[in-house]
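Residue-level structural notes
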Amino acid sequence: MKIAVAGATGRLGRHVSEVLAERGHQVVAISRATGTDIITGAGLDAALNGVQVIIDAATGPSPDQQPATEFFVTAAHNLQEAGVRAGVRRAVVISIINIDKSAGGYGLAKIAHEDAWRSGPIPVRIVRAAQFHEFVAQLLQWGTQGDVAYIPEMRTQIVSARTVAEVVADIATSEDDPAQIVEIAGPREEDLAELATMLVARRGTPVKVQVVRDPADPDAGRTLVRWAFCKQDAVLRDAIARLASWAA
Ligand SMILES: NC(=O)c1ccc[n+]([C@@H]2O[C@H](COP(=O)([O-])OP(=O)(O)OC[C@H]3O[C@@H](n4cnc5c(N)ncnc54)[C@H](OP(=O)(O)O)[C@@H]3O)[C@@H](O)[C@H]2O)c1
């Protein structure tokens, strides 16, 4: 199967591309680094030539609500228009677990992302994932000022990007008509600040982790995921093994 992965160089997209290639599929890597821009449309028609499935795992540079919404909605429209011209049969879009309960910020941008895909002409399946293991390092990078790392108060059942990628690959290549929304999370509820503290200790980074609650963030302090959504035994087994090795 010929499958285009938008965001193929990202934390998730690189695993999705690898898993699909390992399973013998032809992967078209879409990112600005590979010469295709889903916002300007540059290179998109050529990239989608002969593609049967689009996976949208891209995200823009800003986590703020307005620029993130503009990014996702524009990207969804451009991918759909070019996808229709190319005869694409279906799409898989990556979203965030429990996002329908989100009250602001990036969460609302993701709802707009889902809606933009759902209202388009290409049938879409949505994979809502919990925060990735790899997201903890990203939070540390965003939140470090001097020798303090400010980490938002959040509890969630983090999951490895690899585990999510395997589920995304299953859904993208399945000819069945599965539920339009699939949710995936790791096996255990975790505190992101505790994980960040563990990561800096393991890396020997000389920073102190401090929990912050942004009063402007309506999701601050909420537990975003309370229970495991992994319904397939194999997925749950892999998720447990990967959490154990990430935390080791
Ligand atoms: N991170 C998490 O914990 C998490 C959890 C659940 C769901 N998600 C969702 O999963 C998706 C992927 O997240 P991620 O953390 O893997 O993202 P990421 O690491 O930031 O990667 C973003 C990708 O988008 C590409 N991109 C950005 N602008 C582009 C443009 N104009 N044209 C083409 N490609 C562009 C980037 O490549 P270039 O820079 O080369 O263009 C990169 O490949 C997002 O939809 C996110 O909301 C993330």
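Before going into details, it helps to say that this report is about the structure given with it. Every value quoted in this text rests on a predicted model; they were computed, and no experiment measured them. (Residues numbered from 1 in each chain as written. Predicted model: local features only at pLDDT ≥ 70, side-chain atom pairs only at ≥ 80, totals over all residues.)

Not every positive phi belongs to a glycine, and N98 is a case in point at roughly 60°. Mapping N98 onto the fold places it in the loop between strand 4 (90-96) and helix 4 (106-118). (Helix = DSSP H or I, 4+ residues; strand = E, 2+ residues; numbered from the N terminus.)

Attention now goes to the site of the ligand. Near the ligand you find 27 residues, and of these G7, G10, S31, R32 and F135 are the closest. A class-by-class count of the residues in the shell around the ligand yields 14 nonpolar, nine polar and four charged. (Near = placed C-beta within 6 Å. Nonpolar A, V, L, I, M, F, W, Y, C, P; charged D, E, K, R; others polar.)

Time to look at the pairing of strand 7 (residues 148-152). Taking every second residue as pointing to the same face, the buried face of strand 7 carries A149 and I151, while none of V148, Y150 and P152 on the other face is buried. As judged from the two bridges shared by strand 6 (residues 144-145) and strand 7, these two strands associate in the antiparallel manner. Of the residues in strand 7, the one forming a bridge with Q145 is V148. In textbook terms, the turn of a hairpin is the stretch between consecutive antiparallel strands, and for strand 6 and strand 7 this stretch comprises two residues, one of which, G146, has a positive phi near 65°. Pairing analysis gives five bridges linking strand 7 to strand 11 (residues 208-212), with the strands arranged parallel. Each bridged residue has a counterpart across the sheet, and for Y150 the counterpart in strand 11 is Q210. (Buried ≥ 20, exposed ≤ 12 C-beta atoms within 10 Å, placed from the backbone. Pairing = 2+ DSSP bridges.)

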